[in-house]
Amino acid sequence: MTRPSLIPGGVTVEGELSGKGDLVVLGRVLGDITIDGLLIIEEGGAVRGAVSASSVVVRGALAGDAIGQESVRVEATAQVVGDLRAPRVKVADGAHVKGRVQIGAEAGLSRRAVVHAPALAQPAAAVARPALAPALAPAPGHVATPAPVTAVAPVAVPASTTVGPRVRRARLITPASDASPAPAPASFVRPPLTMPRLTRVAAERR
Amino acid sequence: MTQQPLEAYIGEGLTLKGSVSGDTDMDIDGRVEGTISVSGHVRVLERGQVIGPLTVGSLTALGRVTGDVVATRALHVGETGRVTGDVRAARVSLDDGGLLDGAIDMDVALPAGLLEAP
């Protein structure tokens, strides 16, 4: 296996990273990451920007959408403000996430992503009660895989979901929207799904 | 978190467009287009390419560097290295076969009176 690229602690990259190979972030990246390989945002690492990789693992902080061609794994130490899209998505119990979840074969193909701007400066407590994706339900015809102990996957937003178009435009999510959510358009009302329910789902799968 | 034992690494096939800064060593097998400002030792390896100014503790160029270099300690251009740009460093070494297209700016202590025309 080739040596993975590394942004160590104490190092800041302002700009975009793209190309082939694996990448480990222990420092700070302010910009988009698009790689054909494994991306790991380690605990202590922080990324402000949209990330796209064959697989994404988040143990640190991410402010921006995460797109995995194969999978997105949000581990227990993670703080994420942004959407998660991949054929397989795992969110570990203890992780803090604010954003939609889109699971399915086509989810990893979407390149549309948006940076959730102020989140890196945001204290952890502010995202302690994130709003999650609409109505998580088993995907029709989804092949069951042995779920990891902490996993909430496999779940997916079915095509027939009534909460809106399957691929909605990513929106800018600010911390303020947590306290006073912006009025939703009449045609788009997202039922809130809060962390307790997510933990319950996780517990049921244990 | 100021000093980590790990060094930054830009692998082959990876492109960084933008700036890198921090207190670290750095190896580059890939491509960096932008500013590098790190206090440690930077190695641009044979397959590596840097386009942009570098402000580093020291630099070993085995690949291609296009841009001005300021090294507080040393600049070494290896046999396979190609540096295009002006360089300033306390110590500069250029291996046979290495290419340096630009000016070297070092502190030079000439004998007293040498430049005063007789």
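Note that the structure is a prediction, hence the values are computed from the model and not measured.

What follows deals with the nonpolar core. Residue and element names in this part refer to chain A. Leu39, Val51, Val58, Leu62 and Val74 are the most contacted members of the largest nonpolar core, which has 71 residues in total. At 5 residues, the largest contribution of residues to this core is made by strand E8 (residues 51-58). With residues up to four places along the chain from it excluded, the contact list for Leu39 reads Leu23, Ile33, Val51, Ala53 and Val56.

With 26 residues of chain A at the contact, the number on the chain B side is 25 residues. Listing elements by their share of the side of chain A that touches chain B, those giving two or more residues are strand E1 (5-7) and strand E2 (11-20) of chain A. Broken down by element, the residue count for the side of chain A that touches chain B peaks at 10 residues, all from E2 of chain A. The residue makeup of the side of chain A that touches chain B, split by class, is 10 nonpolar, 12 polar and 4 charged. Pairing between E2 of chain A and strand E2 (residues 14-22) of chain B: 9 bridges, direction antiparallel. What sits directly across from Val11 of chain A, in E2 of chain B, is Gly22 of chain B.

The next thing to look at is the pairing of strand E7 (residues 54-61) of chain B. All names here are of chain B. Examined bridge by bridge, strand E5 (residues 36-44) and E7 share 7 bridges and lie parallel to one another. Within E7, the residue paired with Val38 across the bridge is Val56. Direction of pairing for E7 relative to strand E9 (residues 69-77): parallel, over a ladder of 7 bridges. Residue pairing across strands places Thr55 opposite Val70, the latter belonging to E9.

The rules behind these values
- Residues numbered from 1 in each chain as written.
- Chains lettered and ligands numbered in written order.
- Predicted model: local features only at pLDDT ≥ 70, side-chain atom pairs only at ≥ 80, totals over all residues.
- Core = buried A, V, L, I, M, F, W, Y, C linked by C-beta atoms within 7 Å.
- Buried ≥ 20, exposed ≤ 12 C-beta atoms within 10 Å, placed from the backbone.
- Helix = DSSP H or I, 4+ residues; strand = E, 2+ residues; numbered from the N terminus.
- Contact = placed C-beta atoms within 7 Å.
- Nonpolar A, V, L, I, M, F, W, Y, C, P; charged D, E, K, R; others polar.
- Pairing = 2+ DSSP bridges.

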